[in-house]
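# Observations on chain architecture
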Amino acid sequence: MSEEEKELLKQRVQQIIEKAKKQEKPSSEEESKSLMNYKCDKCRDMLFIIQPDGTAKECECRSLRIAEEKLKASGVSEEFRKKTFDNFNYERSVEVMEAFMKAKSYSKNFEKIRVTRKNSVMFIGQVGSGKTHLAIAISNILLDKGIGVIYMPYRDSITNLKQSITDSENFQREISKYKNAQVLLIDDLFKGAITKSDINIMYEIVNYRYFKSLPIITTSEKTIDDLIEIDEAIGSRLYEMSKNYVAEIAGEKLNYRIYG
Ligand SMILES: [Zn+2]
């Protein structure tokens with residue numbers, strides 16, 4: 001090997017070392033990126049990616065993030081997220097089994113009936129009948145599909161709404177959450193003492209959703225007749241919307257809970 005060749009070889013080795021050092025850089029950048037804790041490394045949580053031509057393209061993580069945001073806004077707790085069809089005990093009675101089948105069929109047909117007037121579901125039953133579990137199981141399936149379900153625990157929500165009634169801006173903001181939700185879950189409708197003001201608020205929500213054909217998932221200890229007696233407009237609208245999916249889990253069959 002001539003001196004000239006040796007020199008060339010030395011230069012070549014140097015070049016390779018330099019190149020290797022440069023290639024190492026991105027991987028240390030990778031480390032600092034993961035320290036920043038981006039949920040998506042592709043778009044760094046921007047939900048879009050700038051293309052080489054300068055245009056922005058939606059990142060594939062976008063629909064997942066939107067679903068997560070909807071879940072956060074839903075008011076559905078971690079505890080409720082665990083309530084699914086898989087962990088529902090439907091073997092307690094024929095009525096419970098029927099309610100379970102209706103809930104499953106509703107969630108299966110949801111996309112088909114969504115924009116129709118009869119797009120809602122109602123679970124009537126006592127405490128411990130499993131009505132809330134079934135309503136939540138449906139909500140979880142819809143939330144997983146990125147559909148915005150808003151959970152409205154009736155007693156708490158109506159109390160909050162009434163407290164904000166004098167501040168009209170605040171009240172409108174609160175009530176519009178329930179009026180405009182893609183899907184509204186009203187849990188334990190008309191539980192406890194009912195005032196004229198409770199009825200007015202519920203009428204505003206139910207009537208609005210009825211005319212806009214926005215689905216409602218209702219649970220209540222009241223029967224359909226009770227609901228109509230409390231307020232004919234609310235009761236009959238809810239019934240009309242839920243007609244194809246009304247599940248009543250009532251009766252003595254659940255008394256084994258009491259009598260052992
Ligand atoms: Zn992304």
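In the block above lies the structure referred to throughout.
Per chain, residue numbering runs from 1 following the sequence as it is written. Reporting in this predicted model follows two pLDDT cut-offs: at least 70 for local features of residues, and 80 or more for side-chain atom pairs to be given and counted; totals over whole chains, interfaces and linings ignore these cut-offs and use all residues. Side-chain measures here rest on the full set of heavy atoms in the structure, leaving out hydrogens and waters.

Secondary structure assignment for the chain yields eleven helices and seven strands. Counting over 260 residues, the chain shows a buried share of 38%. Contact definition: two residues touch when any of their heavy atoms are within 4.5 Å. The contacts in the chain between residues at least 6 apart in sequence include a share of 76% that link residues at least 24 apart. Surface accessibility of the chain: about 15700 Å² in total, with carbon and sulfur atoms responsible for 51%. Helix numbers and strand numbers start at the N terminus; a helix is a DSSP run of H or I with at least 4 residues, a strand a run of E with at least 2. Under the scheme applied here, a residue whose accessible area is under 20% of the maximum for its type counts as buried, over 50% as exposed, and between as partly exposed, the area being computed with a 1.4 Å probe on protein chains only. Accessible surface is estimated by sampling points in the Shrake-Rupley manner with a 1.4 Å probe; for residues, cover comes only from the protein chains shown.

Attention now goes to the coordination of the zinc ion. In ideal tetrahedral geometry, four donors around a metal make angles of 109.5 degrees, whereas ideal octahedral geometry with six donors gives angles of 90 or 180 degrees. Atoms are scored as donors when they are N, O or S and lie within 2.8 Å of the metal, with 3.2 Å used for Na, K and Ca; no water is included, so coordination may look incomplete. For the zinc ion, the full set of protein donor atoms is Cys40 (SG), Cys43 (SG), Cys59 (SG) and Cys61 (SG), and the range of their distances to it is 2.2 to 2.3 Å. By the criteria applied here, four donors are tetrahedral when all angles lie between 85 and 135 degrees, four are square planar and six octahedral when opposite donors are over 155 degrees apart and every other angle lies between 65 and 115, and any other arrangement is irregular. Angles of 104 to 113° at the metal separate the four donor atoms of the zinc ion, which places the site in the tetrahedral class. Under the relative-accessibility criterion, cysteine 40 is labelled buried at 9%. Using a relative accessible area of 5% as the deciding quantity, one classes cysteine 43 as buried.

With that out of the way, let us pick up the nonpolar core. To define a nonpolar core, start from buried Ala, Val, Leu, Ile, Met, Phe, Trp, Tyr and Cys residues and group those joined through side-chain atoms within 4.5 Å. Core analysis: the biggest nonpolar cluster contains 29 residues, and Phe123, Leu134, Ile138 and Ile217 have the highest contact counts within it. Every element with two or more residues in this core is listed here: α4 (94-113), β3 (121-125), α5 (131-144), β4 (149-153), β5 (183-187) and β7 (246-249). Other than its neighbours up to four places away in sequence, leucine 134 contacts Phe85, Phe88, Ala99, Phe100, Ala103, Phe123 and Ile249. Residues Ile124, Ile175, Phe190 and Ile224 belong to the second largest nonpolar core, which totals 28 residues.

Before going further, it helps to examine a nonpolar patch on the surface. Patch rule: a residue counts if its relative accessible area is over 30% and it has no salt bridge; like charges are joined within 9 Å, and nonpolar side chains (Val, Leu, Ile, Met, Phe, Trp, Tyr) within 5 Å. Every case where a carboxyl oxygen of Asp or Glu lies within 4 Å of a side-chain nitrogen of Lys or Arg is listed as a salt bridge. A cluster of nonpolar side chains, contributed by Met46, Phe48 and Ile50, occupies part of the molecular surface with about 300 Å² of accessible area. Of note, phenylalanine 48 is situated in strand β1 (residues 48-50).

The next thing to look at is the packing of aromatic side chains. Any two of the Phe, Tyr and Trp rings considered here, Trp counted by its six-membered ring, make a pair once their centres fall within 6.5 Å; the pair's planes then place it as stacked at under 30 degrees, edge-to-face at over 60, or tilted in between. Scanning the entire structure with this criterion turns up eight aromatic pairs. Measuring from centroid to centroid gives 5.8 Å for phenylalanine 85 and phenylalanine 100, while their planes differ by 85°, and the two rings are edge-to-face. Placement of the pair is phenylalanine 85 in the loop between α3 (78-81) and α4 and phenylalanine 100 in helix α4, with a sequence separation of 15 residues. A relative accessible area of 7% means that phenylalanine 100 is categorised as buried. Summarising the aromatic geometry, the rings of tyrosine 90 and phenylalanine 100 are spaced 4.5 Å apart at their centres and angled 20° between planes, so their arrangement reads as stacked. Of this pair, tyrosine 90 sits in the loop between α3 and α4 while phenylalanine 100 is found in helix α4, placing the two residues ten residues apart along the sequence. The structure contains a cluster of three or more aromatic residues connected by ring pairs, namely Phe85, Phe88, Tyr90 and Phe100.

Enumeration according to the criterion identifies 13 salt bridges in this entry. Its salt-bridge partner being glutamate 68, residue arginine 65 comes within 3.2 Å of it at the nearest N-O pair. Taken together, the residues arginine 65 and glutamate 68, both in helix α2 (residues 62-74) and three residues apart, mark about one turn of the helix. The partner of lysine 191 in a salt bridge is glutamate 221, with the nearest N and O atoms 2.8 Å apart.

A helix is expected to span 1.5 Å multiplied by its residue count minus one. Relative to the 18 Å expected for 13 residues at 1.5 Å per residue, helix α7 (residues 168-180) spans 17 Å between its end C-alpha atoms, a close match to the ideal helical length. Along α7, the residues classified as buried are Phe171, Ile175, Tyr178 and Lys179. Each buried residue of α7 sits inside an arc of 100° when the element is viewed along its axis, so together they form one side. What points out from α7, more than 90 degrees from its buried face, is the exposed set Glu169 and Arg173. At its buried positions, α7 is contacted by β4, α6 (154-163), β5 and α8 (196-212). Note that the arc is computed from the directions linking the helix axis to the C-beta atoms.

Here we take up the packing of α8 against helix α10 (residues 232-242). Angles here are taken between N-to-C directions and fall from 0 to 180 degrees, while the axes themselves are lines fitted to C-alpha atoms, restricted in helices to the stretch in contact. As a packed pair, α8 and α10 sit with axes 9 Å apart at the nearest point and diverge in direction by 35°. Note that α8 runs across α10; the crossing there is left-handed. Residues Ile199, Met202, Tyr203, Val206, Asn207, Arg209, Tyr210 and Phe211 of α8 form the contact with α10, whose own contacting residues are Ala233, Ile234, Arg237, Leu238, Glu240 and Met241. When residues are grouped by polarity, Ala, Val, Leu, Ile, Met, Phe, Trp, Tyr, Cys and Pro land in nonpolar, Asp, Glu, Lys and Arg in charged, and all others, Gly among them, in polar. Residue composition of the contact of α8 with α10, grouped by class: ten nonpolar, one polar and three charged. Each crossing gets its hand from how the near helix is turned against the far one by less than a right angle, where anticlockwise is left-handed and clockwise is right-handed.

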